[in-house]
Amino acid sequence: MRSTCERSEENQEQEVEAAAAAGHLAGFLEAEDGSDADSGSDLETEGTHGLGKLDRDTLYLGSCRTYSVVPAPELNVRHRGLGPQGVRALASTLTSNPYIKRLDLRDNGLCVAGAEALADALSKNSSICDVDLSENQLGAAGAQALCAAFAVNQAVQKIQLSGNGLEEQAAQYLAELLLAHTGLKSLDLSYNQLSDQAGEMLGPALAENTGLTELNMSWNHLRGPGAVAFARGLEANIFLKVLDISYNGFGDLGASAVGEALKANNVLEQLNMSNNRVSAVGALSLGLGLQANQTLRILIVSRNPMRCEGCFGLLKSVQDNPASALELLDFSDIQVNREFDDLASSVKVILPGLSVKTGARRVEYKKELLPVLRPFLPASAPK
């Protein structure tokens, strides 16, 4: 069988639609049920076009019984180079498919045209609850179409849009999605180009959001006023439990705003602030929030230029809060000294469940006395 990239657009559309009706999607559906990967290779494409929803479902269920498998809950078509035309063909089969729960189209070159075709299908499908559209060159127009579809389809609970070149214009549509989609639980916007203006738009939306529990904003450009505005949104949010803002540029002002947020926020459990240009001054401001917070369990601040002084200040803030829920405080790739070690030992007495991770692996060397060698004397000396 020729690969997907070698087929003509017409043949590709026919094969995808026909195989989808039989539950195999042209041999590239990777279902988690362990069914035989070659079982659909002999399926005919004749007679499948124009089937109604009932006929399609009957054919699919019949095929599942024939091959002794359960209806596939996941459609994994990542890294297949479908392009806009291939996605159009696939989208036409999703509208009436009630079995797919998770759709993975990562790295398929959807672009705007493919995103619009898929958005139309997703707005009509009520079974898909998990969608991965990362690395698809969506841009602002593609994000606009998909966000509008997700706002209509409240069944989708997890969305991954990582690595799509999303900038400020796309942030407007993402902010509208956060306000409209109350059923959304997890959103991944990592590895995009969301910067200051994006933070100023997403912050207020995060403050008003009433459902999101996990948000990944890592590897973007949140800094300056945008970082502060985003942190203020965190302060008002009462649902978010996991937040990753690593590899941005929050700096000391952003760290101070996050510290203020931690004073008021009593929901957040995991926070990753790695590599955010936070100095010792920013660490001390962040620590003010740790003195009051009682819900945060994991705090990662590795690869920040806070030096030992900043690490010591953060840990001292934890020591001053006996009600702290911290289980992991991660200072990886930051050198600390013996004074910090002594403080960590003291804190462990108050919070025995806390693990403190540092970048310096120290080995204690003990002096060992070498065995005394007796001088070699011959058994008998010549007279």
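Participant: Looking at this structure, I do not really get helix α3 (residues 83-94). What am I missing?
Facilitator: Compared with an ideal rise of 1.5 Å per residue, which puts 12 residues at 16 Å, α3 spans 17 Å between its outermost C-alpha atoms and is within 8% of the ideal. Taken as a whole, α3 has its buried residues at Gly83, Gly86, Val87, Ala89, Leu90, Ala91, Thr93 and Leu94.

Participant: Please explain the packing of helix α10 (residues 280-290) against helix α11 (residues 307-319) as it appears in this structure.
Facilitator: In a packed pair of helices, the relevant descriptors are the angle between the two axes and the axis-to-axis distance. At a minimum axis separation of 8 Å, α10 and α11 run at an interaxial angle of 10°. If you check the angle between α10 and α11, you find them roughly parallel. Along the contact surface, α10 presents Ala280, Ala283, Leu284, Leu286, Gly287, Leu288 and Leu290, while α11 presents Arg307, Glu309, Gly310, Gly313, Leu314, Ser317 and Val318. The class makeup of the residues in the contact of α10 with α11 is 8 nonpolar, 4 polar and 2 charged.

Participant: Sorry, what's going on with the pairing of strand β10 (residues 328-331) here?
Facilitator: On a regular strand, one side chain projects to one face of the sheet and the next to the other, so that they alternate. By the bridge criterion, 3 bridges tie strand β9 (residues 298-300) to β10 in an arrangement that is parallel. Residue pairing across strands places Ile300 opposite Asp330, the latter belonging to β10. Handedness of the β9-α11-β10 crossover: right-handed. By the bridge criterion, 4 bridges tie β10 to strand β11 (residues 355-358) in an arrangement that is parallel. Note on β11: the bridge partner recorded for Phe331 is Thr358. In terms of handedness, the path from β10 via helix α12 (residues 338-350) over to β11 forms a crossover that is right-handed.

Participant: How do you make sense of the packing of helix α9 (residues 251-264) against α10 when you look at a structure like this?
Facilitator: Viewed as axis vectors pointing N to C, α9 and α10 meet at an angle of 5°, and their least axial separation amounts to 7 Å. Relative to α10, the element α9 is oriented roughly parallel. Residues Asp252, Ala255, Ser256, Val258, Gly259, Leu262 and Lys263 of α9 lie in contact with α10, whose contacting residues are Val281, Gly282, Ser285, Leu286, Leu288, Gly289 and Leu290. Of the residues belonging to the contact of α9 with α10, the class tally is 7 nonpolar, 5 polar and 2 charged.

Participant: Can you walk me through the sheet that holds β11 in this structure?
Facilitator: Adjacent strands of a sheet form backbone hydrogen bonds with each other and so pair up, either parallel or antiparallel. A sheet is described by the order of its strands in space; here 11 strands give the open sequence β1-β2-β3-β4-β5-β6-β7-β8-β9-β10-β11, paired in parallel fashion. With one partner strand each, in any of the chains shown, β1 (74-76) and β11 form the two edges of the open sheet. The average undirected angle you get between the axes of adjacent strands in this sheet is 0°. When strand β5 (residues 186-188) meets strand β6 (residues 214-216), the two strands line up parallel, connected through 3 bridges. Looking at the pairing, Asp188 lines up with Asn216 of β6.

Participant: How should the nonpolar core be read in this particular structure?
Facilitator: The nonpolar side chains of a soluble globular protein tend to be buried, and buried together. With 90 residues, the main nonpolar core has Leu118, Leu133, Phe230 and Leu271 as its most contacted residues. For this core, the element with the most residues is helix α6 (residues 168-180), which contributes 7 residues.

Participant: Explain the packing of aromatic side chains to me, please; I cannot follow it from the model alone.
Facilitator: Under the definition given, this model contains 3 aromatic pairs. Taken together, a centroid distance of 4.1 Å and an interplanar angle of 5° make the contact between Trp219 and Tyr247 stacked. Taken as a pair, Trp219 in the loop between β6 and α8 (224-236) and Tyr247 in the loop between β7 (242-244) and α9 lie far apart in primary sequence, 28 residues in all. Here Phe331 and Phe340 contribute two aromatic rings whose centre-to-centre distance is 5.6 Å and whose plane-to-plane angle is 90°, an arrangement assigned as edge-to-face.

Participant: So what exactly am I meant to see when it comes to the environment of Val77 here?
Facilitator: Structurally, Val77 can be placed in the loop between β1 and α3. Judged by relative accessible area, Val77 falls into the buried class, the value being 0%. Residues Val77 and Asp104, spaced 27 residues apart in sequence, show a C-alpha to C-alpha distance of 5.9 Å.

Participant: Could you clarify how one ought to interpret the environment of Asn97 in this entry?
Facilitator: Checked against the element boundaries, Asn97 lands in the loop between α3 and β2 (102-104). Sequence spacing of Asn97 and Asn125 is 28 residues, and the spatial spacing of their C-alpha atoms is 7.4 Å. Excluding residues that lie within four positions of it along the chain, Asn97 makes contacts with Asn125 and Ser127.

Participant: Looking at this model, I keep getting lost on helix α7 (residues 196-208). Mind explaining?
Facilitator: For an α-helix, the turn length of 3.6 residues means that residues three or four places apart are oriented alike. When the terminal C-alpha atoms of α7 are compared, their 19 Å separation across 13 residues agrees well with the 18 Å that a helix rising 1.5 Å per residue should span. For α7, every residue scored as buried is listed here: Ala198, Gly199, Leu202, Gly203, Ala205 and Leu206. Tucked inside the fold, the buried residues of α7 contact α6, β6 and α8.

So, how was this worked out
Residues numbered from 1 in each chain as written. Predicted model: local features only at pLDDT ≥ 70, side-chain atom pairs only at ≥ 80, totals over all residues. Heavy atoms only, no water. Helix = DSSP H or I, 4+ residues; strand = E, 2+ residues; numbered from the N terminus. Expected span 1.5 Å × (residues − 1). Buried < 20%, exposed > 50% of the residue type's maximum accessible area, 1.4 Å probe, protein only. Axes fitted to C-alpha atoms, helices over the stretch in contact; angles between N-to-C directions. Parallel < 35°, antiparallel > 145°, perpendicular 65-115°, else oblique. Contact = heavy atoms within 4.5 Å. Nonpolar A, V, L, I, M, F, W, Y, C, P; charged D, E, K, R; others polar. Pairing = 2+ DSSP bridges. Right-handed = clockwise from strand over helix to strand, strands pointing away. Core = buried A, V, L, I, M, F, W, Y, C linked by side-chain atoms within 4.5 Å. Phe/Tyr/Trp six-rings, centres within 6.5 Å; stacked < 30°, edge-to-face > 60°.

Everything listed here is a matter of geometry and, on its own, says nothing about what the molecule does.
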